[in-house]
Amino acid sequence: MLQAVCIQGKKLDMDRARRLADQFQVDLVKVPPQGKDAMYFLFDRSGLSLVQGKKVLKGDLTNMLSRVTGGHLAHEILLKAAKPGEGRLRGVDATAGMGEDALILAAAGYEMELFEHNPITAALLQDSLWRARKQPDLKDIVARMKLTQGDSKDLLSALTYEPDLIYLDPMFPEKKKGGETKKKLQMLHQIEAPCADEEDLVQTAIQTGARKIVIKRPPEGPFLAGLTPSYQVTRKAVRFDCLVFS
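Residues numbered from 1 in each chain as written. Predicted model: local features only at pLDDT ≥ 70, side-chain atom pairs only at ≥ 80, totals over all residues. Heavy atoms only, no water.

1. Here we look at the pattern of salt bridges
Link 1 in the chain: As enumerated under the stated definition, the model contains ten salt bridges in all.
Link 2 in the chain: One salt bridge connects Arg-67 with Glu-76, and the closest N-O pair in it is separated by 2.8 Å.
Link 3 in the chain: Under the relative-accessibility criterion, Glu-76 is labelled buried at 10%.
Link 4 in the chain: Here Asp-127 makes a salt bridge to Arg-131, at a shortest N to O gap of 2.8 Å. Separated by four residues within a single helix, Asp-127 and Arg-131 lie in helix H5 (residues 119-132), roughly one turn from each other. Taken individually, Asp-127 and Arg-131 each receive the classification buried, so the pair is uniform in this respect. (Salt bridge = Lys/Arg side-chain N within 4 Å of Asp/Glu carboxyl O. Buried < 20%, exposed > 50% of the residue type's maximum accessible area, 1.4 Å probe, protein only. Helix = DSSP H or I, 4+ residues; strand = E, 2+ residues; numbered from the N terminus.)

Written out as structure tokens, the structure is:
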């Protein structure tokens, strides 16, 4: 699927580019692969992108700045579902994706572990985290986010503590999206299949002893793995099913 790492521009971190090419066992080139279906990483001064034809997928947590600062955080529906408590909070996003929801939880005070099974998505997210650390208003939030690439069930099983929160966002089809959002979702669906073992994932999360599990669902979608939530928070475009354990 991935054909190369294409570098463009001067004064780039070449060691980082080489490590990326070695990780995916592809060539490091200066000219993009040809063909409308050619998929490759583009590494330039703006960071890392995944490119295929006219479609570009790039993680950018800096776009979330206005949502997590200036008093706007209190309006986030995810936090109305999570209901953060006081003191040290430890959370796990077991389906990290591009990291936006984990950033919201970290901004609310959670020390977040991010698990992402897809290596391409994880590479894009790692680059986004790296760039966000350079933003003065984001660096302290991002410092509470640690990314690990690997199978979420294995990583959850290996936890040595009981999280206050586990967040699950198995991919589900989005409707009525246009423009850049539609292109982004198309590429995400192309490199990541929807969760095929959702029941095992939820059961593994429960076995960690987590105090709460928050699951993102489409508004009219079925309960994940058939589990009835303790409570729900619903808006027009999204629903959060919350499992609470004493």
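2. Observations regarding the sheet that holds strand S4 (residues 47-52)
Link 1 in the chain: Spatially, S2-S1-S3-S4-S5 is the arrangement adopted by the five strands of the open sheet, whose pairing is mixed. At either end of the open sheet lies a strand with only one pairing partner, and these are strand S2 (27-29) and strand S5 (55-57). Each adjacent strand pair in this sheet contributes to an overall mean axis angle of 30 degrees, direction not counted.
Link 2 in the chain: Each of strand S1 (2-7), S2, strand S3 (39-44) and S4 is contacted by helix H1 (residues 14-24), which is oriented at about 175 degrees to S1, the strand it contacts most. (Pairing = 2+ DSSP bridges. Axes fitted to C-alpha atoms, helices over the stretch in contact; angles between N-to-C directions. Contact = heavy atoms within 4.5 Å.)

3. Some points on the nonpolar core
Link 1 in the chain: Counting residues in each nonpolar core, the largest one holds 36 residues, and the members touching the most others are Leu-105 and Met-145.
Link 2 in the chain: For this core, the leading source of residues is helix H4 (residues 100-107), giving six residues.
Link 3 in the chain: Excluding its chain neighbours within four sequence positions, the residues that come into contact with Met-145 are Leu-61, Gly-99, Ala-102, Leu-103, Ala-106, Met-112, Leu-114, Leu-129 and Arg-133.
Link 4 in the chain: Core analysis: the second largest hydrophobic core is formed by 19 residues, Leu-2, Ile-7, Leu-12 and Leu-124 among them. (Core = buried A, V, L, I, M, F, W, Y, C linked by side-chain atoms within 4.5 Å.)

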